[in-house]
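# What the coordinates show
If you want the building blocks of each chain, they are given just below.
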Amino acid sequence: MKYLVLTAFLTGTSAVNAADFNPPLEGLITGYIRPATAAFAETASGLPDAVSTLCTAGTEAPAGAFQKVFSDTVRDFSRIQFLRFGPLLDDDRLSRLSFRPDPRARAQRQIRKLYASKDPSVLSAQSLGKKSVAVQSLTALELIAFDTDTTVTLGLSGEDRDYTCGYALAIAANVAEIAEAAAADWADPDGYGLQLLSAGPENDRYRSGKEALESVYNALATGVTIAKDQDIIPALGKSEDKAKPRRFPFSRSGNSVVYLTGELNGIQDALLSMDLKPLMAPADQWTLDTLGFEFTNAGNYLAALETPLRKTFAEGGNYNRVAALSITLSSIQELMTDGVAGALGLAGGFNALDGD
């Protein structure tokens, strides 16, 4: 299905000239995107060895090591997944890294078919990368490496052990390759970063620096909407007794809080890297301060959660904390779309996200 997000930015008056929009863009590229994508690539590069070690030994110690590398990879991925422009969208990289939301369990069904036929094409990263995005991502690795109670099962004895290990190794290598390619594209001085910074009549994508900043800022604001509408509200359900904690991102591996924390921290750090205050009238700068306060509140709610949420969501006030987090994200949405964007005179857009 198509997941549609309407981000309505109010257009306000601003003394900012078009030429003044490059500094925040350059700050975002050099201060956040390049180091964050490089960090993800570095962490993901350890996945193949972690899988190989676990499948060779199959003992408790490497299981813990694999679990940590997987968790760190999820964390670093969550810090960049909201950058829905440029290199992360090229070659469908974002969907190939994480196929979610998946409310109809399409990935599980497709993976069952692979196992039924022991499809050999998923045993190498090269051929796996040409298959459905649902079977080649971190979310697919989570499905085959963890049990429903968040326990690592990869490498344990069983009739499918060798096939699972080969498939997991191919996924790990595929993820590492995609992460490296995205980081390299952002690091390229003549790549997409230059396109953002060279807006004008000769630029096929961005006719002005303001248009480039609007596109980038829209992606960050949309990231907050996705965090609330895709990652939190489905798990809350209609009430506490109808909650669905398995709908949290990466709940099967026990990494829901890791993902949500990285997701929000990433958006906040990206905003900070842009240093938007100099572009705003003094009377409007309070919106950024209040935004920072609300991000801190969101982080406090996440830090207070008992994990893994798949097991603990009904305990210790976790549900109420997440419900409060959802309200806080609504405040962040309003501050970003009405307050900050309005003060900067940015116009918003209509985003269509593939939520199959």
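Our focus in this paragraph is helix α13 (residues 286-303). Between the first and last C-alpha of α13 there are 26 Å, a value that for 18 residues agrees with the 26 Å anticipated at 1.5 Å per step. Within α13 the residues assigned to the buried category are Thr287, Leu288, Leu291, Glu294, Phe295, Ala298 and Leu302. Buried residues of α13, seen end-on, are gathered within an arc of 120 degrees and therefore sit on one face of the element. For α13, exposure combined with an orientation more than 90 degrees from the buried face picks out Phe293 and Ala303.

Quick look at the packing of helix α10 (residues 209-229) against helix α15 (residues 318-344) now. Describing two packed helices takes the angle between their axes plus the distance from one axis to the other. Orientation of α10 relative to α15, taken along the N-to-C sense of each, is 160 degrees, at an axis distance of 9 Å. Between α10 and α15, the crossing angle belongs to the class labelled roughly antiparallel. Considering how the two elements wind past one another, α10 and α15 form a crossing that is left-handed. Residues Tyr217, Leu220, Ala221, Val224, Thr225, Ala227 and Lys228 of α10 pack against Ser326, Leu329, Ser330, Ile332, Gln333, Met336, Thr337, Val340 and Ala341 of α15. Grouping the constituent residues of the contact of α10 with α15 by class yields 10 nonpolar, five polar and one charged.

So, on to unusual backbone geometry. Each neighbour pair has its own omega, and for arginine 100 with proline 101 the value is 5 degrees, a cis peptide bond. With an omega of -5 degrees, the peptide bond between threonine 307 and proline 308 qualifies as cis. Note on placement: proline 308 falls in the loop between α13 and α14 (309-312). One non-glycine residue with positive phi stands out, namely phenylalanine 250, at about 55 degrees. Within the secondary structure, phenylalanine 250 sits in the loop between α11 (233-236) and α12 (256-274). By relative accessible area, which is 3% here, phenylalanine 250 ends up buried. At aspartate 275, a residue that is not glycine, the phi angle is positive and equals roughly 45 degrees.

For the rest of this paragraph, the subject is the state of the cysteines. Across all of its chains, the model carries one disulfide by this definition. One disulfide in the model links cysteine 55 with cysteine 165; its S-S distance is 2.2 Å. Torsion about the S-S bond of the cysteine 55 and cysteine 165 cystine: about -95 degrees, corresponding to left-handed handedness. Taken together, the positions of cysteine 55 in helix α2 (residues 47-57) and cysteine 165 in helix α8 (residues 161-187) put the pair 110 residues apart, joining distant regions of the chain. Given the relative accessible area of 9%, cysteine 165 is considered buried.

Another aspect to go through is the packing of aromatic side chains. By the definition in use, this model includes 16 aromatic pairs. Note on phenylalanine 85 and tryptophan 186: the rings are 6.0 Å apart at their centroids and 90 degrees apart in plane angle, and the pair reads as edge-to-face. Separated by 101 residues along the polypeptide, phenylalanine 85 in the loop between α3 (60-78) and α4 (93-97) and tryptophan 186 in helix α8 bring together distant segments of the chain. Residues tyrosine 163 and tyrosine 167 carry aromatic rings whose centres are separated by 6.5 Å and whose planes lie at 45 degrees to one another, so their mutual orientation is tilted. Of the two residues, tyrosine 163 and tyrosine 167 are both situated in helix α8; the distance of four residues between them amounts to about one turn of the helix. Sitting over the face of the ring of tyrosine 163, lysine 118 holds its NZ or CZ atom 5.7 Å from the ring centroid.

What follows concerns the nonpolar core. By size, the foremost hydrophobic cluster in this structure holds 106 residues, and its most contacted members are Phe66, Leu154, Tyr167 and Leu271. With 13 residues, the top contributor of residues to this core is α8. Those residues within four positions of phenylalanine 66 in sequence are excluded, and the remaining contacts are Leu47, Ala50, Val51, Leu54, Ala145, Phe146, Val152 and Leu154.

Let us now look at the confidence of the model for the protein. Overall, the predicted model of the protein reaches an average pLDDT of 91, with 91% of residues at or above 70. Across residues 1-19, where pLDDT falls below 50, the model places 60 contacts with residues more than four positions away in sequence or in other chains. Every residue in residues 350-356 is under pLDDT 50, and counting partners more than four places away or in other chains gives 27 contacts.

Conventions adopted
- Residues numbered from 1 in each chain as written.
- Predicted model: local features only at pLDDT ≥ 70, side-chain atom pairs only at ≥ 80, totals over all residues.
- Heavy atoms only, no water.
- Helix = DSSP H or I, 4+ residues; strand = E, 2+ residues; numbered from the N terminus.
- Expected span 1.5 Å × (residues − 1).
- Buried < 20%, exposed > 50% of the residue type's maximum accessible area, 1.4 Å probe, protein only.
- Arc of directions from axis to C-beta.
- Axes fitted to C-alpha atoms, helices over the stretch in contact; angles between N-to-C directions.
- Parallel < 35°, antiparallel > 145°, perpendicular 65-115°, else oblique.
- Left-handed = near helix turned anticlockwise from the far one by under 90°.
- Contact = heavy atoms within 4.5 Å.
- Nonpolar A, V, L, I, M, F, W, Y, C, P; charged D, E, K, R; others polar.
- Disulfide = S-S within 2.5 Å.
- Phe/Tyr/Trp six-rings, centres within 6.5 Å; stacked < 30°, edge-to-face > 60°.
- Lys NZ or Arg CZ within 6 Å of the ring centre and 35° of its normal.
- Core = buried A, V, L, I, M, F, W, Y, C linked by side-chain atoms within 4.5 Å.
- pLDDT = per-residue confidence, 0-100.

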